[in-house]
Amino acid sequence: MLTLKFGGTSVANAQNIKLVIEIINKKAKENRLAVVVSALSGVTDMLINASKKAAAKEESYQNTIDEIKQKHFDAIADLVDNANQNQLLIKINSQINQLQTLLDGCFLLGELSPRTADAIASFGELLSSQIIASALQQSLPNSTFKDSRELIKTDSHFGKASVDFKLSNKIIADYFSSNKSQVVILPGFIASDDFQNTTTLGRGGSDYTAAIVANATKSTSLEIWTDVNGMFTANPKLVKQAQPIESISYQEAMELSHFGAKVLYPPTIQPVLNSQIPIWIKNTFEPDAVGTLISDEKTNSNNPIKGISHIDKIALLTLEGSGMIGVSGSSKRLFSVLSLHNINVIFITQASSEHSICIGIQNQDADLAKNAIEKEFELEISKNKIDPCLVEKDLCIVALVGENMKNHQGLSGKMFSTLGKNNVNIRAIAQGASERNISVVINEKDVKKALNTLHERFFEDNTKQLNLFVMGVGNVGEKFIDQINQQKKFLKENLKINVRVIALSNSRKMLFDEDGIQLKEWKSLLQNGSNASVTEFISKAKEINLRNSIFVDITANSDIASIYDQFLKQNIAVVTCNKIACSSEYYNYKNLKSLSRKYNAPFLFETNVGAGLPIIDTLKNLIASGDKVHKINAVLSGSLNFIFNNFSATYNFHDVVKEAGVQGFTEPDPKIDLSGVDVARKILILIRESGYEMEMDAIENNCFLPKECMETKTNEEFFTSLIKHSAHFEQLLAEANSKDCRIKFVASFDNGKASVGLQFIPKESPFYNLEGKDNIVEFYTDRYVDQPLIIKGAGAGAAVTASGIFADVIRIGNV
């Protein structure tokens, strides 16, 4: 004997029911079957809504009845032959008329009693089971329908009745021993009391019906057929990487189902547990998939965690005060008053000082609970011995579940540190002595991030997913995206880093895809994106609230540089090649650093100086190891180095500057480079990273551009002025040649003073042979006194800058 149960999605419509009938026919060749079915998908909700509308005297309940009738008539038309339809239609129509009468009564009286609510809700399973039974008889004549109300007996607690197992087991066993049908179709969810009134077993009660039948008939197994391939390590709708669980213990399954694993109704396991009847969770739409086995067999998994689950819409109530310390009976009074008002407590934690008790309940019960508790402790509250009950709503419980957790040290620490690194604040913690689950209460808005973060930590071979929000897709941005696309597979296989680009934006359009943008098509996708808005970009990034989020700024925009704090405060890391933020007021620079530490959100800007060269990282390591920088000499502008290396008697200054822009060496406004502002920003950042406090206006800028060039408003005016003042630049070149020197734009810091400007570099200087767009930095420190630490290499260009940004992203992935 096997017991099968098919849920609402499995019997959602005629097409799905045909799949169900195929499965039943195949199983019936080898076994007698008891088959429990749910209502057609959505019908139970329609019935409940119709009853509420009728009780509220809203005539629209009539429309709902018509929809329910049509839904079932359509199913009959698709499933049952014409010859057998009339008799079934008469039966179904008669029951729809009974439903109409009940709802009309609610409308006339303007009320809905629990007893009537159960009677109305029962029609979903009654109608579906009779239709499925008739359809099955066409291919399997030796099958029959049996009303579960005649088999399962309960008390009269309408809405969630308690089963009389002794009586029900006898009735079910007697029926199946006397009935010789190969298959019996039963409606789930419904039962009856001693007075033959219809009762229900609670939402999800069809699973419970199947478990009761399986236990009473001593079935060899219970199969729950649904729309997923078994129980998963997490909710696959929220965690894309969730994996099916092959086998799990009864106790683990109960824990997971209690904490929101929707494929199984929590009480289901209890009736079959004592009889040790295995439960299979199977997929109606992939019947050959393995599914999940729930039994008492021990598994050999190395992972002590079996799954991560959650319950949303939770409120946290805290009762505290000195009047509770050492006073016996406080807890009893609290839980008694909640029980009196039929309020279910989901979560409990109490401080060892007895100063406070914290409980988790459903949001909808919070106000009633608060009023009831404050009335119970009215005397203590009036004497200030106990504080008024504190209520926090819109929370969520997240639980790690596993039978073997008690044998592994440090799981709690890993859980808490993983959540903490992603700025998920834990409001309360509970762990039973069995150590079968660890539960935490968090803000509901953080649930998706928390589930994904924990799943990544415990189930994904420590693969870290990085979610990038990229602003700026010009020359450097395009190279950056190309490099990610090229290295994506390598990073995942070798560094266990999965990089996804969630958002892209330029000055005109922006694009978001929570599942990751297809990088091969990013240009066309962005072109069809929504209108760009910095405010909306920030808002959307916060709303999505993904783990390991990184904002990547590949612009030279001061407005973008001013929003870093908004990302850091949301635990979103910032990677930037934009020098404006770190060279702004010293207070802002320090504030960004402080926010980075406070919210555990990395703030990396390696490409601010030297593009892809490891200048800032090297400097940080020097300082961290206790060294002190006293002097810096550097050529920090790859664009200016390129310009002065190529400027000659045969290649005029204007044309060289133009070429530097074409090759992507200069900023979009080349005046920033040529004025020395860009170099001043870079040396300022190095000075600050060396541990010195300095503002931009303290740096002496010996600008070599004529005043008229500096006062131009547009790039076109600027290039025109370069032609006009060509004699000025030629004179500089002639002077350098006469001294057998080369022109370099040098940044210096010594004894607390800094300057930038042109210098004529003699042949013996290491700066003399600096070719192309190369940068060079000399650090003189306590350890490097006579011979400086020198870093040299390409310091400009889209590809090297993009690689520097990419390196910062990978640094975050390796943290």
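Since the structure is predicted, the reported quantities are computational estimates derived from the model, not experimental observations. (Residues numbered from 1 in each chain as written. Predicted model: local features only at pLDDT ≥ 70, side-chain atom pairs only at ≥ 80, totals over all residues. Heavy atoms only, no water.)

### Overview of the sheet that holds strand β12 (residues 347-350)
Remark on secondary structure: sheet strands pair via backbone hydrogen bonds, oriented parallel or antiparallel. Cut-off, in case you're wondering: By this definition, two strands are paired if DSSP reports at least two bridges between them. The numbering of helices and of strands both runs from the N terminus, where a helix is a DSSP run of H or I of at least 4 residues and a strand a run of E of at least 2. The convention used is that axes are lines fitted to C-alpha atoms, helices contributing only their stretch in contact, and that angles between N-to-C directions extend from 0 to 180 degrees. Every residue pair with non-hydrogen atoms within 4.5 Å of one another is taken to be in contact.
Read across the open sheet, the 6 strands follow the order β12-β13-β11-β14-β16-β15; overall the sheet is antiparallel. Edge positions in the sheet fall to β12 and β15 (426-431), since each has one partner strand and no second. Recorded for the sheet is a direction-independent mean angle of 30° between the axes of neighbouring strands. Contacts from helix α12 (residues 366-376) reach β11 (307-320), β13 (356-362) and β14 (390-401) within the one sheet, and its direction differs from that of β11 by about 30°. Across the sheet, helix α15 (residues 447-459) lies against β11, β14 and β16 (437-443), angled at about 125° from β11, the strand it touches most.

### Some remarks on the nonpolar core
Using the following cut-off: Residue types Ala, Val, Leu, Ile, Met, Phe, Trp, Tyr and Cys, when buried and joined through side-chain atoms within 4.5 Å, form a set referred to as a nonpolar core. Relative accessibility decides the category of a residue: with a 1.4 Å probe and only protein chains considered, values under 20% of the type maximum give buried, values over 50% give exposed, and everything between is partly exposed.
Counting 81 residues, the largest nonpolar core has F469, F551, F653, L686 and F704 as the members making the most contacts within it. Setting aside residues no more than four positions away along its own chain, F704 makes contact with L640, F644, F653, L674, H728, F729, L732, F745 and L758.

### Describing the confidence of the model for the protein
For clarity, the threshold we go by: Each residue carries a pLDDT score, the predictor's own confidence in it, on a scale running from 0 to 100.
Scored by pLDDT, the protein has a mean of 92; 98% of the residues are at 70 or more. When pLDDT is averaged over each helix and strand of the protein, the minimum, 82, is found for helix α9 (residues 250-258) and the maximum, 98, for strand β4 (residues 183-187).

### Notes on the pattern of salt bridges
So the rule is basically this: By definition, a salt bridge exists where a carboxyl oxygen of Asp or Glu is found within 4 Å of a side-chain nitrogen of Lys or Arg.
As enumerated under the stated definition, the model contains 27 salt bridges in all. One salt bridge connects E380 with R333, and the closest N-O pair in it is separated by 2.7 Å. Of the two residues, E380 is situated in helix α13 (residues 378-382) and R333 in helix α11 (residues 330-340); the sequence distance between them amounts to 47 residues. Judged by its relative accessible area of 17%, E380 is buried. The network of salt bridges with shared partners includes E606, D617, D808 and R811.

### Comments concerning the packing of aromatic side chains
We count it as follows: Aromatic contacts are taken between Phe, Tyr and Trp rings whose centres are within 6.5 Å, Trp giving its six-membered ring; a plane angle under 30 degrees counts as stacked, one over 60 as edge-to-face, and the others as tilted. For a Lys NZ or an Arg CZ to count as sitting over a ring, it must be within 6 Å of the ring centre and within 35 degrees of the ring normal.
This structure, assessed with the given rule, holds 23 aromatic pairs. By the ring-pair criterion, three or more aromatic residues cluster together here, those being F469, F512, F537, F551, Y564, F567, F603 and F605. If you follow K631 out to its NZ or CZ, it ends over the ring of Y780, 5.1 Å from the centre. Cation over ring: K658 sits above F719, and NZ or CZ is 4.4 Å from the ring centre.

### Points about the pairing of strand β17 (residues 464-471)
Of all 8 residues in β17, 8 are buried; the element is thus mostly enclosed. Residues K464, L466, L468 and V470 line one face of β17 and the alternating positions Q465, N467, F469 and M471 line the opposite face, and both faces are buried. Note that β17 and strand β18 (residues 497-505) share 8 bridges and pair parallel. Bridging from a neighbouring strand, K464 pairs with I497 of β18. As paired elements, β17 and strand β21 (residues 549-553) share 5 bridges and run parallel to each other. Bridge pairing in β21 links N467 to S549.

### Description of the pairing of strand β24 (residues 629-635)
Across the 7 residues of β24, 5 count as buried, placing the element largely inside the fold. When β24 meets strand β28 (residues 774-781), the two strands line up antiparallel, connected through 6 bridges. Within β28, the position partnered with I632 by the bridge is F779. Pairing analysis gives 4 bridges linking β24 to strand β26 (residues 742-750), with the strands arranged antiparallel.

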